[in-house]
Amino acid sequence: MLPKREVFEEICIASRTKDKCDALKAKLPGGKTKISTARMDADNTNELIALIGQFKPDVVMNLALPYQDLTVMDASCYPD
C-alpha cells in the first residue's frame, strides 16, 4: 500500500530493524510525501514515547502484531 500523497505529507516507518524500514522506504515512490525511518521496539513504551515526541505525528498506526496495540496506545496518550 502506497502513502496517499493528498492525505500524508510525511510518514515515519519504524521497527526494531531499521534496515527493513530503509528497504521498504527505497521501494516506495514517495513523491511529495517525505518518508523517514526509525528504529524502535513497539514492546518498549519509553522508546515509543521518545519516537512520538520526536516525530510529533497526527496519527499513530500499528501495522504489526495486535498484542502491541496496548503499548502503542499507551505511548500515544502522553502529551508533547
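Note: the structure precedes this text.
Residues numbered from 1 in each chain as written. Predicted model: local features only at pLDDT ≥ 70, side-chain atom pairs only at ≥ 80, totals over all residues. Heavy atoms only, no water.

Residues Ala38, Met40, Ala42, Leu48, Leu51, Ile52, Val72 and Ala75 constitute the largest nonpolar core, which totals 8 residues. The element that contributes the greatest number of residues to this core is helix H2 (residues 45-55), accounting for 3 residues. Counting 5 residues, the second largest nonpolar core, distinct from the first, contains Ile11, Cys21, Leu28 and Ile35. (Core = buried A, V, L, I, M, F, W, Y, C linked by side-chain atoms within 4.5 Å. Buried < 20%, exposed > 50% of the residue type's maximum accessible area, 1.4 Å probe, protein only. Helix = DSSP H or I, 4+ residues; strand = E, 2+ residues; numbered from the N terminus.)

Burial in helix H3 (residues 69-76) covers these residues: Thr71, Val72 and Ala75. In an axial view of H3, the angular spread of the buried residues amounts to 100 degrees, which keeps them on one side of the axis. Those residues of H3 that are buried lie in contact with H2. (Arc of directions from axis to C-beta. Contact = heavy atoms within 4.5 Å.)

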